[in-house]
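Now for the letters of each chain:
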Amino acid sequence: MPITTSRSDTGIVTVTVDYPPVNALPSAAWFELADAITTAGRDMSTHVVILRAEGRGFNAGVDIKEMQATEGFDALIGANHGCAAAFSAVYDCAVPVIVAVNGFCVGGGIGLVGNADVIVASDDAVFGLPEVDRGALGAATHLARLVPQHMMRTLYYTAQNVTAQQLEHFGSVYRVVPRGQLLDTALEVAEQIAAKDTRVIRAAKEAINHIDPVDVKASYRLEQGYTFELNLSGVSDEHRDEFVTTGKALNSNGGRA
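These numbers were taken from a predicted model, which means no experiment stands behind them.

S.K.: Would you mind showing me how to read the pairing of strand β4 (residues 97-101) here?
M.R.: Along any regular strand, the residues point their side chains to alternate faces of the sheet. Burial analysis of β4 places five of its five residues in the buried class, the great majority of the element. Along β4, one buried face is formed by Val 97, Val 99 and Val 101 and the opposite face, lined by Ile 98 and Ala 100, is buried too. The pairing of strand β3 (residues 48-53) with β4 spans three bridges and is classified as parallel. Opposite Ile 50, over in β4, you have Ile 98 as the bridge partner.

Here it is in structure tokens:
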């Protein structure tokens with residue numbers, strides 16, 4: 001199955017995503033992922049959740065091909081609501097969520113990682129938001145939790161990626177390891193947390209969320225509003241059609257970048 005859950009004897013729940021070829025998730029999968037994480041956290045025998053992926057990369061965002069193959073705005077609305085649900089599930093999960101990032105983490109993947117509690121990454125991992133190249137906006141809220149303010153703006157406007165090593169330097173990625181050691185590293189951190197009194201850890205997660213300086217859900221919802229405007233104006237369709245057809249972005253004149 002594309003999204004699976006396993007549990008260890010020490011209360012570590014591992015949620016694994018596997019949507020070949022690049023883990024670009026259709027709308028329904030975002031809701032499924034949200035449910036898997038929320039369900040794990042509600043179980044009092046769960047001490048910590050690990051979110052990981054199989055395949056070439058951790059997450060390639062929403063399935064743009066699904067969106068362009070669907071008439072009207074239902075797929076767009078579904079993707080936006082699904083992403084919001086999955087991002088919130090990570091943030092609101094009653095226990096800490098560790099993300100183990102392999103390969104690429106772009107688009108919606110930034111929303112998942114930005115809302116996580118602990119990030120470990122493979123040494124080939126890259127993070128980025130290609131949203132402006134797809135005629136959309138969103139997840140700047142979450143990118144701002146990974147890099148300093150002006151770096152976030154630069155990465156957002158240019159759609160450039162940042163490496164795991166750079167994020168480790170900024171202090172947002174806890175450890176960078178060879179890909180073959182990624183899951184073991186995530187489990188090592190998870191075991192340290194799982195060994196604590198889960199009653200205290202659950203209270204700590206709730207307390208930390210309450211002192212967060214930014215309401216990540218309201219902030220992301222505001223960003224989505226601008227995406228809807230771009231869609232209503234037809235701009236987003238132009239960019240998504242070009243990406244689906246050629247894999248390239250449009251430039252400022254409506255031509256290929």
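S.K.: What is the right way to look at the pairing of β3 in this model?
M.R.: Counting buried residues in β3 gives six out of six residues, a clear majority hidden from the surface. Along β3, one buried face is formed by Val 48, Ile 50 and Arg 52 and the opposite face, lined by Val 49, Leu 51 and Ala 53, is buried too. Summarising the sheet, strand β2 (residues 12-17) and β3 pair through six bridges and their orientation is parallel. Pairing of Ile 12 across the sheet is with Val 48, part of β3. In this fold, β2 hands off to helix α1 (residues 27-42), which returns the chain to β3; that crossover is right-handed.

S.K.: Teacher, can you tell me more about empty space enclosed by the protein here?
M.R.: Gaps left between atoms are located by rolling a probe of water-molecule size over the structure's atoms. Counted by the stated rule, this structure contains two cavities of 30 Å³ or more. Roughly 40 Å³ of internal volume is contained in the largest cavity. Taken together, Val 17, Leu 25, Leu 33, Leu 51, Arg 52, Ala 53, Phe 58, Asn 59 and Leu 112 make up the lining of the largest cavity. Ranked by the residues each element gives to the lining of the largest cavity, the list is headed by β3, at three residues. Grouping the constituent residues of the lining of the largest cavity by class yields seven nonpolar, one polar and one charged. If you add up the space inside the second largest cavity, you get close to 30 Å³. Lining the second largest cavity we find Ala 84, Phe 87, Ser 88, Asn 115, His 142, Val 216, Lys 217 and Tyr 220. Of all the secondary-structure elements, those providing two or more residues to the lining of the second largest cavity are α3 (74-92) and α10 (216-232). Residue composition of the lining of the second largest cavity, grouped by class: four nonpolar, three polar and one charged.

S.K.: For this particular structure, what's the right way to read the layout of surface pockets?
M.R.: The computed volume of the largest pocket comes to approximately 820 Å³. Residue lining of the largest pocket: 42 residues in total, with Ala 60, Gly 61, Val 62, Asp 63 and Ile 64 positioned closest to the centre. For the lining of the largest pocket, the secondary-structure elements that each account for two or more residues are α2 (64-68), α3, β5 (104-106), α10 and α11 (235-246). Class assignment of the residues belonging to the lining of the largest pocket gives a composition of 24 nonpolar, 13 polar and five charged. Taken as a whole, the second largest pocket spans an internal volume of roughly 270 Å³.

S.K.: I keep staring at the side chain of Thr 14 and nothing clicks. Help me out?
M.R.: Mapped onto the elements, Thr 14 comes out in strand β2. Since its relative accessible area comes to 11%, Thr 14 is described here as buried. In contact with Thr 14, not counting residues within four places along its chain, are Thr 4, Thr 5, Ser 6, Ile 50 and Arg 52.

What counts, and where the lines are drawn
- Residues numbered from 1 in each chain as written.
- Predicted model: local features only at pLDDT ≥ 70, side-chain atom pairs only at ≥ 80, totals over all residues.
- Heavy atoms only, no water.
- Buried < 20%, exposed > 50% of the residue type's maximum accessible area, 1.4 Å probe, protein only.
- Helix = DSSP H or I, 4+ residues; strand = E, 2+ residues; numbered from the N terminus.
- Pairing = 2+ DSSP bridges.
- Right-handed = clockwise from strand over helix to strand, strands pointing away.
- 1 Å grid on protein atoms, 1.4 Å probe; cavity = no way out; pocket = protein on both sides within 12 Å on 5 of 7 lines; lining within 4 Å.
- Points joined across faces, edges and corners; volume = space filled by probe spheres on them.
- Nonpolar A, V, L, I, M, F, W, Y, C, P; charged D, E, K, R; others polar.
- Contact = heavy atoms within 4.5 Å.

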